[in-house]
Amino acid sequence: MGLDDKIGNAAEKLGGKGKEAAGNASGDESLKAEGKTDQSKSDLKQAGEHVKDAFKKD
């Protein structure tokens, strides 16, 4: 996994956590859901990168 990908995924996950927290604080269910979606997308991207890394090592 490239460093740029790791940083981008971490930033996306952090942004998602921020949106979710803001949604919780304000009672905005849409913002909360958007934050959870951003976090899930980041997790999937990280998983895909880990799979690619595993095949590169062979």
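Whatever comes next refers back to the structure up there.
Residues numbered from 1 in each chain as written. Predicted model: local features only at pLDDT ≥ 70, side-chain atom pairs only at ≥ 80, totals over all residues. Heavy atoms only, no water.

In this section: the pattern of salt bridges. Under the defined criterion, the tally for this structure stands at 5 salt bridges. The salt bridge involving lysine 13 is made with aspartate 43; its shortest N-O contact spans 2.6 Å. Of the two residues, lysine 13 is situated in helix α1 (residues 3–26) and aspartate 43 in helix α2 (residues 29–56); the sequence distance between them amounts to 30 residues. Given a relative accessible area of 33%, aspartate 43 falls into the partly exposed group. Glutamate 49 is the partner of lysine 52 in a salt bridge, and the nearest nitrogen-oxygen pair spans 3.2 Å. Here lysine 52 and its partner glutamate 49 are both found in helix α2, 3 residues apart, which amounts to about one turn of the helix. On the basis of relative accessibility, which here comes to 43%, the residue lysine 52 falls in the partly exposed class. (Salt bridge = Lys/Arg side-chain N within 4 Å of Asp/Glu carboxyl O. Helix = DSSP H or I, 4+ residues; strand = E, 2+ residues; numbered from the N terminus. Buried < 20%, exposed > 50% of the residue type's maximum accessible area, 1.4 Å probe, protein only.)

This brings us to the side chain of glutamate 20. Assignment of secondary structure puts glutamate 20 in helix α1. The charged side chain of glutamate 20 is buried without a salt bridge, its nearest counter-charge being lysine 36 at 4.0 Å. (Lys, Arg positive; Asp, Glu negative; His and termini not counted.)

With 24 residues, α1 should reach 34 Å at 1.5 Å per residue; the first-to-last C-alpha distance of 34 Å fits that figure. Along α1, the residues classified as buried are Asn9, Glu12, Gly16, Glu20 and Gly23. Structurally, α1 contributes buried residues whose contacts are with α2. Looking at the residues trailing α1, positive phi occurs at glycine 27, about 80°. (Expected span 1.5 Å × (residues − 1). Contact = heavy atoms within 4.5 Å.)

For alanine 10, the position within the fold is in helix α1. Residue alanine 10 is classed as partly exposed on the basis of its relative accessible area, which comes to 41%. Note: C-alpha distance between alanine 10 and serine 42 (32 residues apart in sequence) is 7.4 Å.

Honestly, it's all geometry; don't read function into it.
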